[in-house]
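Understanding the architecture of this molecule
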Amino acid sequence: VPLSTHCTIQRHRGDLVELRFAFGSAHHSLRAGSAGYRRDMTTTAEHLRNTLDGRFRDVKNRMRHELSDQVFRPHYTPNTVIARTKVDEQMRIMASRGAAEDGFKKEHGGNGDVGAAVTQIEMLAMSDLSLMVKAGVQWGLFGGAIENLGTERHHQAYVQKLIDLDLLGCFAMTETGHGSDVQALETTATYDPDSQEFVIDSPTPTSRKDYIGGAAQTARVAAVFAQLITADGTGHGVHCFVVPIRDDAGNDLPGVTTSDCDYKGGLPGVDNGRIQFDHVRVPRENLLNKYADVAPDGTYTSPIENPNRRFFTMLGTLIRGRVTVGGSAGAAARVALDIATRYALQRRQFAAPDDDTEVLLMDYLVHQRRLLPLIAKSYALQFAQNELVSKTHELQTADDPDPEEQRELESRAAGLKAANTWHATTAIQEAREACGGAGYLAENRLIALKADTDVFTTFEGDNHVLTQLVAKELLTAYADDIKGMSPVEWVRFAANFASERVMKRTAAQTIMQTILDTRQDNEEEGSLFNRGTQVQMFEDREEYMLASVARRLQAKSKEMSAFDAFNSVQDHVLHAATAHIDRIILEAFVAGIDACEDDEAREILDMVCDLYALSVIEGDKAWFVEHRFLSTERAKAVTRGINDRCRRLRPYAEVLVDGFGIPEQLRYAEMMHPENIAE
């Protein structure tokens, strides 16, 4: 039966599935043994999974096998002692199996496979987000700082030990008073040429290192970010230092005071803590000196003269953490949607007037509307994440990465981290509500997923700050061109060159051009399902928003200070950045479909992509109507189109979550057991 035919599935007790097809006004039904049906759908699900897994599918399959080990079975306890002990046990098992080696260069004892390292930590999120965070802190943040900011002396002293967990560390950047504004950190590292030591100090109450994973209990060493001050009192900006904080018995070292953040909203297995320094001395060699060094006599040198560029270059090397956090949030969202969808395919509520059998939750349009668009967005985000991980791998394994590509990577990582973590917050909450009271029970996983991912929207960068970063990166493309232009010249520039400057493709250029050439610029309802039309609408919105925010900034800058000008259009800036991120995600989805090798799976993905695109348009429908990119009638057609795609995807609900590839024991929920399902 062609997928364009409307089809619904009605499950019956026993080994039967009834498929009801609608050809125009005629209705037909077919009953088949579920074994045969499942065999066909299993093949389709495998194609979906392989396509969604992307370049690092072998790593994901290996991790699925590893996570099937009972030791990684999801568990829930608010008891921090039990949770932390469990995570420590799991980390030791991972280390013994060589789990950390991909993330480090071969010359330092690793395998040099950055993409595999990021992918492995993302996959851990399906098991236990506390484990994912602890692994990310130890091997991604702490280990990443040592390898990427240090030099040979640091690599020799620390890398193999931290890979093997013989040295446990933490990443001490955030302070009580400063998180997002890293350049304004207050911790100081003052060089003393007489002893050839740096003096690490917390001079104010707000300079206390705060929320630091590992600082409460396990970490023996910290990668501390502090303002480097030379003996003459000159400040050189934020640099990173290796600072021991505990002895082998776990006691604070002299001058170091640690404390426990205790209970948090989630992540009970992560020992977040606080650190204060009282004139703690460390050797000169403890400065991670890849990008700057201090000679024994106190002379400061750096291969990067500009302080701002030096600072952002240092932070840019640590981008892997941001990439991982976004991907892990996406993985957690997929687990929640998998659980909620399977529950909706079993749980019944209310009988139809002409049938004594109660109706499955998933057969209600409102339930389809709640879950299927979120599933579609999960697919879209994963395709975008795949591209991001691949780009991260290529740049971080290159001998001489291109600076412009590095900046674009940082912008994309910021945007997708925000998109993924906000999506996780929304999707997991909706999944919880879709399971009613059962979703509120700890045994069904959803409350732990909700609690553990909540902080993801604000760590590794607050999402609003990251979204602004995306916009600023886009706006800098205009900066040189608009200087000295008259308003008339600026309007001409925006009209003629904005599109060329904004549209940096993530997917293959030829794919996108072919799709755009098929667009249907008419008011017919069916044109909304045309991929070229959808892509054009996303591009038009981004282009218009970015050009208009640049025009507003130019006008405002003549009336007020640069800060006030930017602050006055901040809402517009965020909206423009969101439009850009949405377009990047849609393009990645298009490229993902193109890579699918199975016709039936590709047809399903096409419908899922329609659902994603139309949902984004519906979510910003007011803008499209206000700016006359949609007529009111066509705006109504968008809603009808979403309903249509929900109905058509209903028979494939289980196949779609099968495509997520979540191992059986990681989607385990007590409410799935037959005896717990109300008939």
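Residues numbered from 1 in each chain as written. Predicted model: local features only at pLDDT ≥ 70, side-chain atom pairs only at ≥ 80, totals over all residues. Heavy atoms only, no water.

What follows is about the overall build of the protein chain. Looking only at helices and strands, the protein chain has 21 helices and 16 strands in total. Residues classed as buried in the protein chain amount to 55% of the 679 residues present. Long-range contacts, defined as pairs at least 24 residues apart, comprise 71% of the intrachain contacts of the protein chain with a sequence gap of at least 6. Accessible surface for the protein chain amounts to roughly 28,200 Å². Of this, 50% is attributable to carbon and sulfur atoms. (Helix = DSSP H or I, 4+ residues; strand = E, 2+ residues; numbered from the N terminus. Buried < 20%, exposed > 50% of the residue type's maximum accessible area, 1.4 Å probe, protein only. Contact = heavy atoms within 4.5 Å. Areas by Shrake-Rupley, 256 points an atom, 1.4 Å probe, with all protein chains shown as cover.)

In the structure shown here, the tally under the stated rule is 12 aromatic pairs. Pairing phenylalanine 171 with phenylalanine 225 gives two aromatic rings, centres 5.1 Å apart and planes at 65 degrees, and the pair type is edge-to-face. Of this pair, phenylalanine 171 sits in strand E4 (residues 169-172) while phenylalanine 225 sits in strand E8 (residues 221-229), and the two are 54 residues apart along the sequence. One exposure class covers both phenylalanine 171 and phenylalanine 225, and it is buried. Judged by centre distance (5.2 Å) and plane angle (40 degrees), the ring pair of phenylalanine 383 and phenylalanine 589 falls under tilted. Within this pair, whereas phenylalanine 383 is found in helix H9 (residues 365-396), its partner phenylalanine 589 is found in helix H17 (residues 570-595), the two being separated by 206 residues in sequence. Residue classification places phenylalanine 383 among the buried residues on the basis of a relative accessible area of 4%. On the basis of relative accessibility, which here comes to 0%, the residue phenylalanine 589 falls in the buried class. Three or more aromatic residues link up through ring pairs in this structure, and these residues are Tyr544, Trp623, Phe624 and Phe629. Against the face of phenylalanine 566 rests lysine 472, its NZ or CZ located 4.9 Å from the ring centre. Across the ring face of phenylalanine 538, the terminal group of arginine 541 is positioned such that the distance to the ring centre comes to 5.8 Å. (Phe/Tyr/Trp six-rings, centres within 6.5 Å; stacked < 30°, edge-to-face > 60°. Lys NZ or Arg CZ within 6 Å of the ring centre and 35° of its normal.)

What follows deals with empty space enclosed by the protein. One pass over the structure, following the stated rule, counts 6 cavities of 30 Å³ or more. Every residue along the wall of the largest cavity is listed here: Leu52, Asp53, Lys60, Arg64, Glu122, Met123, Gly327, Ala331, Arg334, Gln382 and Phe660. Those elements that provide at least two residues to the lining of the largest cavity are helix H1 (34-53), helix H2 (57-67), helix H4 (114-124) and helix H8 (320-344). Looking at which element gives the most residues to the lining of the largest cavity, the answer is H8, with 3 residues. Per-class residue counts for the lining of the largest cavity are 4 nonpolar, 2 polar and 5 charged. By volume, the second largest cavity amounts to about 60 Å³. Asp53, Gly54, Arg55, Phe56, Lys60, Thr119, Glu122, Gln382, Gln385, Asn386, Val389 and Ser390 together form the lining of the second largest cavity. (1 Å grid on protein atoms, 1.4 Å probe; cavity = no way out; pocket = protein on both sides within 12 Å on 5 of 7 lines; lining within 4 Å. Points joined across faces, edges and corners; volume = space filled by probe spheres on them. Nonpolar A, V, L, I, M, F, W, Y, C, P; charged D, E, K, R; others polar.)

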